[in-house]
Amino acid sequence: MSRIPPLEYENASAEARAAHDRHQSDVGRITNMKRTLLHSLPAFHALMEWYPLRDAVRPFLGERLTHLFAHAVSTETDCLICSTFFRRLLIESGDDPDALVLTDAERIVVEFGHQLGRDAHGVTNELHAALARLYTPEQIVALTAFGVIMLATNVFNNALRVDLDGYLEPYRAAAVPRTGER
């Protein structure tokens, strides 16, 4: 159960309703995470920068690798909402998230995503060099920032235990025993 209930539209301030309406018009779905973020407009605006960063990496990664990268970050942080969201996108595009077939270049980007999710200090010189053979410094900066904002959404969802949106339930990964209590 979410530690902070998503903001109900009818209880929102005029500014929060305006942000909600703009986002719904521009992007579409207002999820539990977004409705929870709307309790604080600066928080909402900060994490919604995910969209411009996604749009910055998509031209050089492509749609599939953008989803694979975000999925790698999200599964590594064990974010139920984000990992399930990207499982859905991968499944709907014909991939099996539990048995991915990756090219060498995709493997490098996915490993970078996993490493950001595990421990950014662990990004080795070898991994960075492999990325540098594929992408320009500008692209690596955009990719890293995209990974960082993905991490921020993961941490937000995990810390506040934001509830999974109902439309994502069919895409949940099989339960894996975990240590600690959720």
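Just so we're clear, the structure is a prediction, and the values are computed from it rather than from any experiment.

It is worth spelling out the overall build of the protein at this point. Helix and strand content of the protein: eight helices and zero strands. Tracing the protein from N to C terminus, the helices and strands come up as α-α-α-α-α-α-α-α. Against the globule reference of 16 Å for 182 residues, the protein gives a C-alpha radius of gyration of 17 Å, in line with a compact fold. Its C-alpha atoms give the protein principal-axis dimensions of about 50 × 40 × 30 Å. In the protein, which comprises 182 residues, the share counted as buried stands at 43%. A separation of at least 24 residues holds for 70% of the contacts in the protein among residues at least 6 apart in sequence. Just so you have it, the protein exposes about 9,800 Å², and 55% of that area is on carbon and sulfur atoms. Within the protein, one finds 18 positive and 24 negative side-chain charges whose respective centroids are separated by 2 Å.

Attention now moves to the nonpolar core. Leu61, Phe69, Val109, Tyr135 and Leu143 are the most contacted members of the largest nonpolar core, which totals 46 residues. Contributing elements (two or more residues each) for this core: helix H1 (14-26), helix H2 (32-37), helix H3 (41-47), helix H4 (50-76), helix H5 (80-92), helix H6 (104-118), helix H7 (125-134) and helix H8 (137-160). Residue contributions to this core peak at eleven residues, all from H4. Setting aside residues no more than four positions away along its own chain, tyrosine 135 makes contact with Phe60, Leu61, Leu65, Val109 and Ile140.

On to the side chain of serine 74. Counting through the fold element by element, serine 74 comes out in helix H4. In this structure, serine 74 is in contact with Cys79, Cys82, Ser83, Phe86, Met150 and Asn154, ignoring residues within four places of it in sequence.

The subject of this paragraph is unusual backbone geometry. Residues other than glycine seldom take positive phi values, yet aspartate 78 does so here, at roughly 60 degrees. Positionally, aspartate 78 belongs in the loop between H4 and H5. By relative accessible area, which is 35% here, aspartate 78 ends up partly exposed. For arginine 161, which is not glycine, the phi dihedral falls at a positive 50 degrees. Take arginine 161: it is sitting in the segment after H8. Assessed through its relative accessible area of 28%, arginine 161 is described here as partly exposed.

Definitions and limits used
Residues numbered from 1 in each chain as written. Predicted model: local features only at pLDDT ≥ 70, side-chain atom pairs only at ≥ 80, totals over all residues. Heavy atoms only, no water. Helix = DSSP H or I, 4+ residues; strand = E, 2+ residues; numbered from the N terminus. Rg over C-alpha atoms; globule rule 2.2 N^0.38 Å. Buried < 20%, exposed > 50% of the residue type's maximum accessible area, 1.4 Å probe, protein only. Contact = heavy atoms within 4.5 Å. Areas by Shrake-Rupley, 256 points an atom, 1.4 Å probe, with all protein chains shown as cover. Lys, Arg positive; Asp, Glu negative; His and termini not counted. Charge placed at Lys NZ, Arg CZ, Asp CG, Glu CD. Core = buried A, V, L, I, M, F, W, Y, C linked by side-chain atoms within 4.5 Å.

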